[in-house]
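Each chain, letter by letter, is given below.
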Amino acid sequence: MDGINAIVEHILKEARERAAVLQTSAAEQVAEIKRQTDATCEEITKQSALKADLAAEAIINRAKSQAAMEHRRALLEARQLLIDQAISAALDHLVKLDPLAKSELYQSLIESLGAQDGLITANEQDHALVAQLLKKISGRFELNTVVGSFAGGLLLQRGKVVDNLTFDLLIRNQRPHLAALAASILFPDVD
């Protein structure tokens, strides 16, 4: 029986040695897997941090861009308001011209049309001024007894054609040019 026990003992010894080898191999494999997993986790953490930094930078850049856009919009609105006020002041200045300058302006407007006759309508403030002007200029013009409801300027009717020479319309028609002129004066350093 000693022989059988020796064989069994030999088989068990080989089994233990193989188990130890397998256990060592398994431990090495587990260690390698853990090392690879730790490296993968570290890489994922780095990539996540990098993506978070890039996302944060993108958000900050968008916020800066939005703030700059809002600043430019507010600045443009303020400039437009100042330009509108300048054009409004120009209209007010035309309305308040001294009688001689206004009479010369009205004569110039009538002559620019090349008209020789027609019915002229003036506002209430300028009615007497235009009556005096019509005595000085050549042509067959009549002054409408009905006064116009406009700030200043004239309406010249020849048959069915009415030339609107009111200050409001003259300024409205020249608004792009006047706005550019006002901007160049008010904001000379801005393109």
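Shown above is the structure to which this text applies.
Description of the structure in this document. (Residues numbered from 1 in each chain as written. Predicted model: local features only at pLDDT ≥ 70, side-chain atom pairs only at ≥ 80, totals over all residues. Heavy atoms only, no water.)

## As for helix 3 (residues 127–136)
Okay, step 1: Considered for burial, the residues of helix 3 that qualify are Leu129, Val130, Leu133 and Leu134. Viewed along the axis of helix 3, the buried residues span an arc of 135 degrees, placing them on a single side of the element. Facing away from the buried side of helix 3 by over 90 degrees, the exposed positions are Ala128 and Lys135. (Buried < 20%, exposed > 50% of the residue type's maximum accessible area, 1.4 Å probe, protein only. Helix = DSSP H or I, 4+ residues; strand = E, 2+ residues; numbered from the N terminus. Arc of directions from axis to C-beta.)

## Focus: the packing of aromatic side chains
Okay, step 1: Tallied over the full model, the rule gives one aromatic pair.
Okay, step 2: Between Tyr106 and Phe167, the ring centres sit 5.9 Å apart and the planes meet at 35 degrees, which makes this aromatic pair tilted. Here Phe167 lies in helix 4 (residues 167–173) and Tyr106 lies in helix 2 (residues 99–113), a separation of 61 residues in the sequence.
Okay, step 3: A residue is classified by how much of its surface remains accessible, and Tyr106, at 0% relative accessible area, is buried.
Okay, step 4: Residue Phe167 is classed as buried on the basis of its relative accessible area, which comes to 1%.
Okay, step 5: The side chain of Arg79 reaches across the aromatic face of Phe187, ending 5.3 Å from its centre. (Phe/Tyr/Trp six-rings, centres within 6.5 Å; stacked < 30°, edge-to-face > 60°. Lys NZ or Arg CZ within 6 Å of the ring centre and 35° of its normal.)

## Some thoughts on the pairing of strand 2 (residues 140–143)
Okay, step 1: Here strand 2 shows a clear split, with Phe141 and Leu143 buried on one side and none of Arg140 and Glu142 buried on the other.
Okay, step 2: Of the pairings in the sheet, the one linking strand 1 (residues 117–122) to strand 2 comprises four bridges and is parallel in character. Directly across from Ile120, in strand 2, lies its bridge partner Leu143.
Okay, step 3: Crossover handedness for the path strand 1 to helix 3 to strand 2: right-handed. (Pairing = 2+ DSSP bridges. Right-handed = clockwise from strand over helix to strand, strands pointing away.)

## So, the pairing of strand 1
Okay, step 1: As paired strands, strand 1 and strand 3 (residues 153–158) are joined by four bridges and run antiparallel to one another. What sits directly across from Thr121, in strand 3, is Leu155.

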